[in-house]
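# Residue-level structure breakdown
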Amino acid sequence: MISELGALASLFGIVAFGAIVPIVPTGAAVSGAAALAFHDHPLLIVLVIAAGAAGAYVGDLVMYAMCRAGGEKLARRLRWLRDEEHLVPLKERLQRSQIPVLLVSRLLPGGRVPVLLAAAFLGLSWRTFVVANLPACALWSAVYAGIGVAGGSIFPEPWEGVVAAIILVLVIGQLVNLVHKRRATANS
């Protein structure tokens, strides 16, 4: 049980860090942990979801605080802000429907950071962000854990399920990016 708690604490740390430093594949970490849990202790999948959601939530809070405090200057320095013209439609969507935009942004690969920036630059209240981000992080963690369970259930060996889950997450992310690029090219 001690090793499982250590693994869950590590998952929390990886996901929290990855929420702040967006190059860490946090979805793959949750999927891989869920695939392992499926083979070892299926009841741990609930704890994997909780650890992933808690890590994402804490990381998002830190990142939102950094965006609010540092503003556009910090966002440019950390290279979070690359293209301001994409923030304009996000700001408009956030003004119309804050909670649905925050929910969906957590599920789209590459969608969270621009929405967090737009929300911070708009001055979205902490209360709204804290309340809306909680179910978004829980839903995100559950979806990626589901991908891990699917990968884990297909293959007899735990390592095969982990590899399958990670590959599936990476392929889905690349497909979403491809669709975004095609839409951007078509709209140009």
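The present account deals with the structure reproduced in this document. (Residues numbered from 1 in each chain as written. Predicted model: local features only at pLDDT ≥ 70, side-chain atom pairs only at ≥ 80, totals over all residues. Heavy atoms only, no water.)

### Re the nonpolar core
- Ranked by internal contacts, the top residues of the largest apolar core, which has 19 residues, are Leu11, Val15, Val30, Val48, Trp140 and Tyr144.
- Listing elements by their share of this core, those giving two or more residues are α1 (2-20), α2 (26-40), α3 (44-77) and α7 (126-154).
- In terms of residue count, the dominant contributor to this core is α3 (six residues).
- Among residues more than four places away in sequence, those in contact with Leu11 are Ala29, Val30, Ala33, Val48, Ala51 and Gly52. (Core = buried A, V, L, I, M, F, W, Y, C linked by side-chain atoms within 4.5 Å. Buried < 20%, exposed > 50% of the residue type's maximum accessible area, 1.4 Å probe, protein only. Helix = DSSP H or I, 4+ residues; strand = E, 2+ residues; numbered from the N terminus. Contact = heavy atoms within 4.5 Å.)

### What to know about empty space enclosed by the protein
- A full pass over the atoms with the stated rule returns one cavity of 30 Å³ or more.
- As a volume, the largest cavity reaches approximately 30 Å³.
- Every residue lining the largest cavity is listed: Asp60, Leu102, Ser105, Arg106, Arg112, Leu116, Phe129 and Asn133.
- Elements represented by at least two residues in the lining of the largest cavity include exactly α5 (98-107), α6 (112-122) and α7.
- The biggest single contributor to the lining of the largest cavity is α5, with three residues.
- Residues that form the lining of the largest cavity fall into these classes: three nonpolar, two polar and three charged. (1 Å grid on protein atoms, 1.4 Å probe; cavity = no way out; pocket = protein on both sides within 12 Å on 5 of 7 lines; lining within 4 Å. Points joined across faces, edges and corners; volume = space filled by probe spheres on them. Nonpolar A, V, L, I, M, F, W, Y, C, P; charged D, E, K, R; others polar.)

### Digging into the packing of aromatic side chains
- All chains considered together, the criterion is met by four aromatic pairs.
- Between Tyr64 and Phe129 the ring centres are 4.1 Å apart and the planes differ by 10°, which places this aromatic pair in the stacked class. With Tyr64 in helix α3 and Phe129 in helix α7, the pair connects residues that are 65 residues apart, well separated along the chain. You'll find Tyr64 and Phe129 in the same group, each marked buried. (Phe/Tyr/Trp six-rings, centres within 6.5 Å; stacked < 30°, edge-to-face > 60°.)

### With respect to the pattern of salt bridges
- On inspection of all chains with the given rule, the structure shows two salt bridges.
- Here Arg112 ties to Asp60 by a salt bridge, and the two come within 2.8 Å at their closest N and O atoms. Of this pair, Arg112 sits in helix α6 while Asp60 is found in helix α3, placing the two residues 52 residues apart along the sequence.
- Classification of Arg112 by relative accessible area gives buried; the value is 11%.
- One network of salt bridges, in which partners are shared, links Asp60, Arg106 and Arg112. (Salt bridge = Lys/Arg side-chain N within 4 Å of Asp/Glu carboxyl O.)

### Notes on the layout of surface pockets
- Within this model, the second largest pocket holds a volume of roughly 290 Å³.
- Breaking the lining of the second largest pocket down by element, the ones donating at least two residues are α1, α2 and α3.
- Looking at the lining of the second largest pocket, the element that brings in the most residues is α1, giving seven residues.
- In terms of residue class, the lining of the second largest pocket is made up of 10 nonpolar, four polar and two charged.

### Points about the side chain of Asp60
- Looking at Asp60, the relative accessible area reads 1%, which means it is buried.
- Within the structure, Asp60 has its side chain in polar contact with the side chain of Arg106 (distance 2.9 Å).
- If we ignore the near neighbours within four places in the chain, the residues touching Asp60 are Ala19, Arg106, Arg112, Leu116, Phe129, Asn133 and Cys137. (Polar contact = N/O pair within 3.5 Å; in protein donor to acceptor, adjacent residues only side chain to side chain.)

### Structural notes on the packing of α5 against α7
- Where α5 contacts α7, the axes come no closer than 8 Å and their chain directions differ by 35°. Once α5 is placed against α7, the crossing between them reads as right-handed. Two secondary-structure elements touch here, α5 through Gln98, Ile99, Leu102, Leu103, Arg106 and Leu107 and α7 through Thr128, Phe129, Ala132, Pro135, Ala136, Cys137, Leu139, Trp140 and Val143. (Axes fitted to C-alpha atoms, helices over the stretch in contact; angles between N-to-C directions. Left-handed = near helix turned anticlockwise from the far one by under 90°.)

### Considerations on α5
- Residues of α5 that are buried: Val101, Leu102, Ser105 and Arg106. Looking straight down α5, one finds that the buried residues subtend no more than 130° of arc, so they occupy a single side. (Arc of directions from axis to C-beta.)

### Examining α6
- The buried count for α6 comes to nine of 11 residues, which makes it a mostly enclosed element.
- Where α6 is concerned, the buried positions are Arg112, Val113, Val115, Leu116, Leu117, Ala118, Ala119, Ala120 and Phe121.
- Just past α6, the residue Gly123 takes up positive phi, approximately 80°.

What is shown is where atoms sit, not what they do.
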